[in-house]
Amino acid sequence: MAPPSTTSDWSPSSWRTRPAAQQPEWPDPARLDGVLKELAGYPPLVFAGEARDLTAALARVVDGEAFLLQAGDCAESFESFSANSIRERLKIILQMAVVLTYSAGVPTVKVGRIAGQFAKPRSAEIETVEGVSLPSFRGHMVNDVSFDEASRRPDPQRLVEAYHQSAATLNLLRAFTKGGFADLSRVHHWTQEFVRASPEAQRYEQLADEIDRALRFMKATGLDPEHVPNLHEVDFYTSHEALVLGYEEALTRQDSLTGDHYDCSAHMVWIGERTRGLDDAHVEFFRGIANPVGCKLGPTATAAEVVALCQALNPDRTPGRLTLITRMGADRIAEVLPPLVRAVCDADHPVVWACDPMHANTYTSPSGRKTRHFDAILSELRGFFEVHRAEGTWPGGVHVELTGDDVTECLGGGEALADDDLGLRYETMCDPRLNGRQSLDLAFGVAELLRDRPV
Ligand code: PEP
Ligand code: CO
């Protein structure tokens, strides 16, 4: 293993000396260089100060004084890019956050998988259909999902398009979250409409009514959401898997205030399960940026590996800097998570523990579609809460793939979507996402887990 490195030998391009997994094979390196130079001259998408605010918010999660909700698309699309789709995703996340905040009794830190989630790691480089082999789809930042040679050829111009779509998305998110759309009473009103229409109405009604009473109580005491900024506006942060390192490097800027480097493509970025090799390029890039960062951990992660990742990514042990996003599978979590939690605690590393209950519960249904069952998703979350309760650590957050659209990609939920329903509106370019109603079903499920907690 390489000796612990210091940031003095780091630069935004030092990752280039390491093996970089999951990078596209760009056919024309000179064109790629031209595009990256162009991007390096563009304005940052976020500011260093905002990333620092998120680190501070996540530090509260480390202490059990806040809860993290990280949610959004598996892969954002250049095609289904509209104000509507951004608004619907934000709306669901805000609704989930209200339910979680009320149940946890602490603030919910809201982080979207949005405004930059355009690159996907793939288990196979090549996809073969009826004897024809082409490069796999790697996200709209790289190539297109259609199965023909031109669509699958990586095109660096897509990096520029990803930048512009991220900028436009962020612009709208900022307007929505600060311009009255996120008003607490209004968000709760949407949730009440959902509860009324839900087959699980009886189960959810009590919680929704309690929130309603709390809102009326606040209003009666003179705290009118319309006039109290905290009830009228929300802080909403962006995040994505920083997979295509050339793009991330091109958006890295040195903060004039602190001299630190920030990857200004998003507030928070994470390392995926397939690219977390300790001596590899992604860990090298991430160790030098000052953003809050995440790292996915699958069931094969060993305690020694996880402690080494904490050491590499957060040597100063800054609370809020590192979020470990575990994605173990409903069947495995009880067995594989406790040794990791113990090792990180013993090594005295402050981390946010978040649960991604999606990625290790994916399977192919009898109808041949890649899906996830709502019950397995909730069951992994239940396991996550149980492990952290038993270990005395705070189950700090959830990380989910969802869309506000009425898709039929995951099975189950309040409306009990069945395998036969998957064909109705199966629209994802990559992994199956919870639809709006299933996302709220999940929030109510997590609310029950949060409310069971000893005070
Ligand atoms: C993802 O979050 O979309 C993803 C690919 O996850 P993982 O790296 O955990 O497989
Ligand atoms: Co995914």
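These numbers were taken from a predicted model, which means no experiment stands behind them.

Quick notes on the rules
Residues numbered from 1 in each chain as written. Chains lettered and ligands numbered in written order. Predicted model: local features only at pLDDT ≥ 70, side-chain atom pairs only at ≥ 80, totals over all residues. Heavy atoms only, no water. Donors = N, O, S within 2.8 Å, 3.2 Å for Na, K, Ca; no water. Helix = DSSP H or I, 4+ residues; strand = E, 2+ residues; numbered from the N terminus. Buried < 20%, exposed > 50% of the residue type's maximum accessible area, 1.4 Å probe, protein only. pLDDT = per-residue confidence, 0-100. Contact = heavy atoms within 4.5 Å. Near = heavy atom within 4 Å. Polar contact = N/O pair within 3.5 Å; in protein donor to acceptor, adjacent residues only side chain to side chain. Areas by Shrake-Rupley, 256 points an atom, 1.4 Å probe, with all protein chains shown as cover. Nonpolar A, V, L, I, M, F, W, Y, C, P; charged D, E, K, R; others polar. Pairing = 2+ DSSP bridges. Axes fitted to C-alpha atoms, helices over the stretch in contact; angles between N-to-C directions.

Structural notes on the coordination of the cobalt ion (ligand 2)
Octahedral six-donor coordination of a metal ideally yields angles of 90 or 180 degrees, compared with 109.5 degrees for tetrahedral four-donor coordination.
Link 1 in the chain: Protein ligation of the cobalt ion (ligand 2) involves Cys-74 (SG), His-359 (NE2), Glu-401 (OE) and Asp-431 (OD), the donor distances falling in the range 2.0 to 2.6 Å.
Link 2 in the chain: Binding-site remark: the cobalt ion (ligand 2) is held by donors from one chain whose sequence spacing is C-x284-H-x41-E-x29-D. Pair noted here: His-359 is in the loop between β11 (352-355) and β12 (362-364) and Asp-431 is in the loop between β14 (397-401) and α14 (436-451), with a separation of 72 residues, a long-range link. By the burial criterion, His-359 is buried, and Asp-431 matches it.

Comments concerning the confidence of the model for the chain
Link 1 in the chain: On average, the chain scores 95 in pLDDT, and the residues at 70 or more come to 98%.
Link 2 in the chain: Here helix α8 (residues 229-232) stands out as the least confident element of the chain, with mean pLDDT 82; strand β10 (residues 322-326) is the most confident, with 99.
Link 3 in the chain: When the criterion is pLDDT under 50, residues 1-5 qualifies, and its contacts beyond four places in sequence or with other chains add up to four contacts.

Observations concerning the site of ligand 1
Link 1 in the chain: Every residue lining ligand 1 is accounted for by Arg-113, Lys-120, Pro-121, Trp-270, Gly-272, Glu-273, Arg-274, Lys-296, Arg-327, His-359 and Glu-401.
Link 2 in the chain: Measuring from an oxygen atom of ligand 1, one finds a side-chain N or O atom of Arg-274 at 3.1 Å.
Link 3 in the chain: Interatomic distance of 3.0 Å between a side-chain N/O atom of His-359 and an oxygen atom of ligand 1.
Link 4 in the chain: Here ligand 1 loses 98% of its free accessible area of 300 Å² to cover by the protein chains.
Link 5 in the chain: Considering only residue class, the shell around ligand 1 consists of two nonpolar, two polar and seven charged.

Re the pairing of strand β5 (residues 236-241)
Link 1 in the chain: Of all six residues in β5, six are buried; the element is thus mostly enclosed.
Link 2 in the chain: Side chains Phe-236, Thr-238 and His-240 project from β5 onto one buried face, and the interleaved Tyr-237, Ser-239 and Glu-241 project onto a second face that is buried too.

Observations concerning the sheet that holds β14
Link 1 in the chain: Strand order in the closed barrel made by the eight strands is β1-β2-β5-β8-β9-β10-β11-β14, with parallel pairing throughout. Neighbour to neighbour, the strand axes of the sheet diverge by 25 degrees on average, direction disregarded.
Link 2 in the chain: Pairing between strand β9 (residues 293-297) and β10: five bridges, direction parallel. Bridge pairing in β10 places Gly-294 opposite Thr-323.
Link 3 in the chain: Taken strand by strand, helix α3 (residues 83-104) contacts β1 (67-72), β2 (108-113), β5 and β14, and its axis lies near 160 degrees from that of β1.
Link 4 in the chain: Helix α13 (residues 374-391) contacts β1, β10, β11 and β14 of the sheet and is inclined by roughly 155 degrees relative to β11.

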